[in-house]
Amino acid sequence: MTDPDATGTRLDDAALDRLRPLAFSVAYRMLGSVAEAEDVVQEALTRLSQAEGVRNPDAFVTTVTTRIAIDVLRSARMRRETYVGEWLPEPLVGPAQVNLPVAMAAAPPDAAAHAELADDLSTAFLVLLEALTPTERAAFLLHDVLGYPHGDAADIIGTSEVAARQLASRARRRIARQRGDVGQRATSGTDGRVRAEQLVTRFLAACEEGEVDAFLELLAEDVVLTGDSGGNVPPGMSIARPLAGQVTVARVLAGFMRRGAPIHFERALVGGEPGLLIMADDAIGGGLIGTWSFEVSDGRLAGIRGVINPEKLRHLGRLADLGRLHEWLRGARRRGPAR
């Protein structure tokens, strides 16, 4: 990656800016955290800017980013073991449209702004990767997602080609045990995304109705509703553990909507998948409350993943005052059902 016979020239800012999206896409896939990915990207680009005689800047930044991310992920795994409730990736959010956007929606950092939202950046996919060790994750992403030969992946990780091949194979088997073939995503391709967007439209209509039956028509029998609050929201504003089953999830969603909270929804791509932003009404100050991303299977919603932890949403713009919302909900309970 470096040339000992080079003249000592270093990359200019324009060259570094070109490499930022690549570094972010690698770091975010590895970590599932926008904030941590941005830190890794900054460190990798700093090292690149200080290096002399770099023959292949793309390979250099990929290697450095991956190696830093492996170290960060090892320490992050220890923190996630004590995380309050379920851990979900920090959402990347873009405008709601069938064609995947490049730019983010609400004045995000430059790295995230240029990250391509693709199937392998989806919330569902990143959740599957959480079952892998840091080196398995790196080997799998480098070979199966980014298309690096096993030999190149081995050089990046710092292992042998045989070991890299085994790591990627083991990762593939572990993912397959959880979900089947990760390449067969229900929302892949234009047609799949159109159908998923139609489901979101029907989901919004069900939210307007606030009736259990309306949600039952949309949910798969084994649907799972997962919420990530990180213990950072007032009590009663997030589910403590995943809820499974068509009837259970439908009742929870209908019950939530019947509270008549001063909120509204905005359509968006969340992790590259059709989803929703949960927004506070102006009556309580406005701002982002959380995100919902939807996983679609056989024409139904098979997974609903909500992030309401403010620490995971700050990169998306102004946040709602959850204290004001909580006070409103408490008052609503005293006043009785809204519907």
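All of the points below concern the structure found in this document. Counting starts from 1 at the beginning of each chain's written sequence and moves along it residue by residue. Predicted model: local features are reported for residues with pLDDT of at least 70 only, side-chain atom pairs are reported and counted for 80 or more only, and whole-chain, interface and lining totals are derived from all residues. Processing note: side-chain calculations cover all non-hydrogen atoms of the structure and skip hydrogens and water entirely.

### Looking at the packing of aromatic side chains
Only Phe, Tyr and Trp rings take part, Trp by its six-membered ring, and two of them pair if their centres are within 6.5 Å. Stacked means planes under 30 degrees apart, edge-to-face means over 60, and tilted covers everything else. Taken as a whole and judged by the stated rule, the model has seven aromatic pairs. With centroids separated by 5.7 Å and ring planes inclined at 10 degrees, the aromatic side chains of Phe-24 and Tyr-28 adopt a geometry described as stacked. Placement of both Phe-24 and Tyr-28 in helix 1 (residues 13–31) is noted, with a separation of four residues, approximately one turn of the helix. Each member of the pair, Phe-24 together with Tyr-28, is buried. Here the aromatic residues Phe-203, Phe-215, Phe-256, Phe-265, Trp-292 and Phe-294 are joined through ring pairs into a cluster of three or more. Strands here mean DSSP runs of E at least two residues long; helices mean DSSP runs of H or I at least four residues long; both are numbered from the N terminus. Exposure categories follow from relative accessible area, calculated using a 1.4 Å probe and restricted to protein chains: below 20% of the type maximum is buried, above 50% is exposed, and the middle band is partly exposed.

### Considering the pattern of salt bridges
By salt bridge we mean one thing: a side-chain nitrogen of Lys or Arg within 4 Å of a carboxyl oxygen of Asp or Glu. In total, this model carries 17 salt bridges according to the counting rule given. Measuring nitrogen to oxygen at the nearest pair gives 3.7 Å for the salt bridge that ties Asp-71 to Arg-74. Note that Asp-71 and Arg-74 are positioned in helix 3 (residues 57–81) at a spacing of three residues, about one turn of the helix. Of the residues examined, Arg-74 reaches a relative accessible area of 44% and is grouped as partly exposed. Put simply, Glu-130 and Arg-137 hold a salt bridge, and the shortest N to O gap is 2.8 Å. Owing to a relative accessible area of 0%, Arg-137 belongs among the buried residues under this scheme.

### Describing the packing of helix 1 against helix 2 (residues 34–50)
Contact geometry for helix 1 and helix 2: axes closest at 8 Å, N-to-C directions at 135 degrees. The angle between the axes of helix 1 and helix 2 places the two elements in the oblique class. Crossing of helix 1 against helix 2: the hand is right-handed. Mapping the contact onto sequence places Leu-16, Leu-19, Arg-20, Ala-23, Phe-24, Ala-27, Tyr-28 and Leu-31 in helix 1 and Val-34, Glu-36, Ala-37, Glu-38, Val-40, Val-41, Gln-42, Leu-45, Leu-48 and Ser-49 in helix 2. Convention adopted: a line fitted to C-alpha atoms gives each axis, helices being fitted over their contacting stretch, and angles between N-to-C directions are expressed from 0 to 180 degrees. Any angle that falls under 35 degrees is termed roughly parallel, while one over 145 is termed roughly antiparallel, one within 65 to 115 roughly perpendicular, and all others oblique. With the far helix as reference, a near helix turned anticlockwise by less than a right angle produces a left-handed crossing, and one turned clockwise produces a right-handed crossing. The contact definition used throughout considers only heavy atoms, calling two residues in contact when any of these lie within 4.5 Å.

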